[in-house]
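Reading the structure
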Amino acid sequence: MGLNLNDKKVVVEEVSAKVATAQTIVVAEYRGIQVSALTKLRANARSQGVYLRVLKNTLARRAVEGTQFAPLAETMVGPLIYSISDDAVAAAKVIADFSKTNDKLVVKGGNYAGKNLDVAGVTALASIPSREVLIAQLLGVMQAPVSGFARVLAAVAAQKGEGSAAPAEAEAEPAAAE
């Protein structure tokens, strides 16, 4: 059953609100995928903070009209599932990871920060570590000099401690001999 005009307006408003804050949109053809597999994909997307939805292409075109994602309208042909995320790599990562295990999900393209991406571009974007991983790596790089310096100081302190303990032991041995 089709949507009436009011339902279509609601869908366009909802998707437009997501697109307004998004950094990345990835579109993929989902023809032939079982419902149980799509349910797993949706659950994974939800856990990653990705808005995933099957939309009529005309409604999706209206939602991206006048935004940085407007050039993506050219690739909106066929039965597509739209992956929209505020994180730069999350939308691409969810779709690319799922397409590795399910060959019926075919990535058609995407758009990151107003620039259209082909399949190779989406794959490259998906291979970038997530924001949290990048922050952790940066923090590790920033902490390395400080922790190295702390280890050197601890080693110097341990050496001085061993050196001062040796004369005390030497004094204790002659006292025991008497």
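Below or above, wherever it landed, is the structure these notes cover. (Residues numbered from 1 in each chain as written. Predicted model: local features only at pLDDT ≥ 70, side-chain atom pairs only at ≥ 80, totals over all residues. Heavy atoms only, no water.)

Looking only at helices and strands, one finds six helices and five strands in the chain. Taking 178 residues into account, the globule formula puts the C-alpha radius of gyration at 16 Å, and the chain, at 29 Å, lies well above it. C-alpha extents for the chain along the principal axes are approximately 105 × 35 × 30 Å. When the 178 residues of the chain are sorted by exposure, 30% land in the buried category. Partitioning the contacts of the chain with sequence separation of at least 6, the portion at a separation of at least 24 is 80%. For the chain, the computed accessible surface area is about 11,000 Å², with 59% contributed by carbon and sulfur atoms. For the chain, the distance from the average site of its 19 positive side-chain charges to the average site of its 17 negative ones is 19 Å. (Helix = DSSP H or I, 4+ residues; strand = E, 2+ residues; numbered from the N terminus. Rg over C-alpha atoms; globule rule 2.2 N^0.38 Å. Buried < 20%, exposed > 50% of the residue type's maximum accessible area, 1.4 Å probe, protein only. Contact = heavy atoms within 4.5 Å. Areas by Shrake-Rupley, 256 points an atom, 1.4 Å probe, with all protein chains shown as cover. Lys, Arg positive; Asp, Glu negative; His and termini not counted. Charge placed at Lys NZ, Arg CZ, Asp CG, Glu CD.)

Moving on: the sheet that holds strand 5 (residues 115-117). Two orientations exist for strands paired in a sheet by backbone hydrogen bonds: parallel and antiparallel. Taken in spatial order, the five strands of this open sheet run 2-3-1-4-5, and their pairing is antiparallel. In the strand order of this sheet, the two ends are held by strand 2 (51-54) and strand 5, each with one partner. Taking each pair of neighbouring strands and ignoring which way they run, the sheet shows an average axis angle of 15°. Across three bridges, the pairing between strand 4 (residues 106-112) and strand 5 is antiparallel. (Pairing = 2+ DSSP bridges. Axes fitted to C-alpha atoms, helices over the stretch in contact; angles between N-to-C directions.)

Before going further, it helps to spend a moment on the packing of helix 4 (residues 90-101) against helix 5 (residues 119-127). Where helix 4 meets helix 5, the closest approach of the two axes is 8 Å, and the angle between their N-to-C directions is 105°. With respect to each other, helix 4 and helix 5 are oriented roughly perpendicular. For the pair formed by helix 4 and helix 5, the contact residues are A92, K93 and A96 on the first element and V122, L125 and A126 on the second. Broken down by class, the residue content of the contact of helix 4 with helix 5 amounts to five nonpolar, no polar and one charged. (Parallel < 35°, antiparallel > 145°, perpendicular 65-115°, else oblique. Nonpolar A, V, L, I, M, F, W, Y, C, P; charged D, E, K, R; others polar.)

If you look at the biggest cluster of nonpolar residues, it comprises 23 residues, and the most contacted ones within it are V26, L41, I81, I95 and L105. With seven residues, the single largest contributor to this core is helix 4. Formed by 19 residues, the second largest nonpolar core is a distinct cluster that contains V27, Y51, A63 and L72. (Core = buried A, V, L, I, M, F, W, Y, C linked by side-chain atoms within 4.5 Å.)

This part covers the pattern of salt bridges. Applying the stated criterion to the full structure yields four salt bridges. Among the salt bridges present, the one from E14 reaches R53, with a minimum N-O distance of 3.2 Å. Taken together, the positions of E14 in helix 1 (residues 5-21) and R53 in strand 2 put the pair 39 residues apart, joining distant regions of the chain. In this structure, R31 and E29 form a salt bridge, with 3.3 Å as the shortest nitrogen-oxygen distance. By relative accessible area, E29 is classed as buried at 17%. Among the ionic contacts, a cluster of salt bridges with common partners joins E29, R31 and K108. (Salt bridge = Lys/Arg side-chain N within 4 Å of Asp/Glu carboxyl O.)

Turning to the pairing of strand 4, a few remarks are in order. Bridging between strand 1 (residues 24-29) and strand 4 involves six bridges; their strand directions are antiparallel. Paired with T24 across the strands is Y112, a residue of strand 4. In this antiparallel pair of consecutive strands, strand 4 and strand 5, the connection spans two residues, and A113 shows a positive phi of 55°.

The subject of this paragraph is the pairing of strand 1. Across the six residues that make up strand 1, a large majority, six, are buried. Across the two faces of strand 1 the burial is the same, with T24, V26 and A28 and I25, V27 and E29 all buried. Relative to strand 3 (residues 80-85), strand 1 runs antiparallel, the two sharing six bridges. From the neighbouring strand, T24 faces strand 3, where its bridge partner is S85.

Although it is not a glycine, A113 adopts a positive phi angle of roughly 55°. For A113, a relative accessible area of 43% gives the class partly exposed.

Our focus in this paragraph is the environment of R62. Mapped onto the elements, R62 comes out in helix 3 (residues 57-64). Each C-alpha atom of the pair R62 and V119 lies 23 Å from the other, and the pair is 57 residues apart in sequence.

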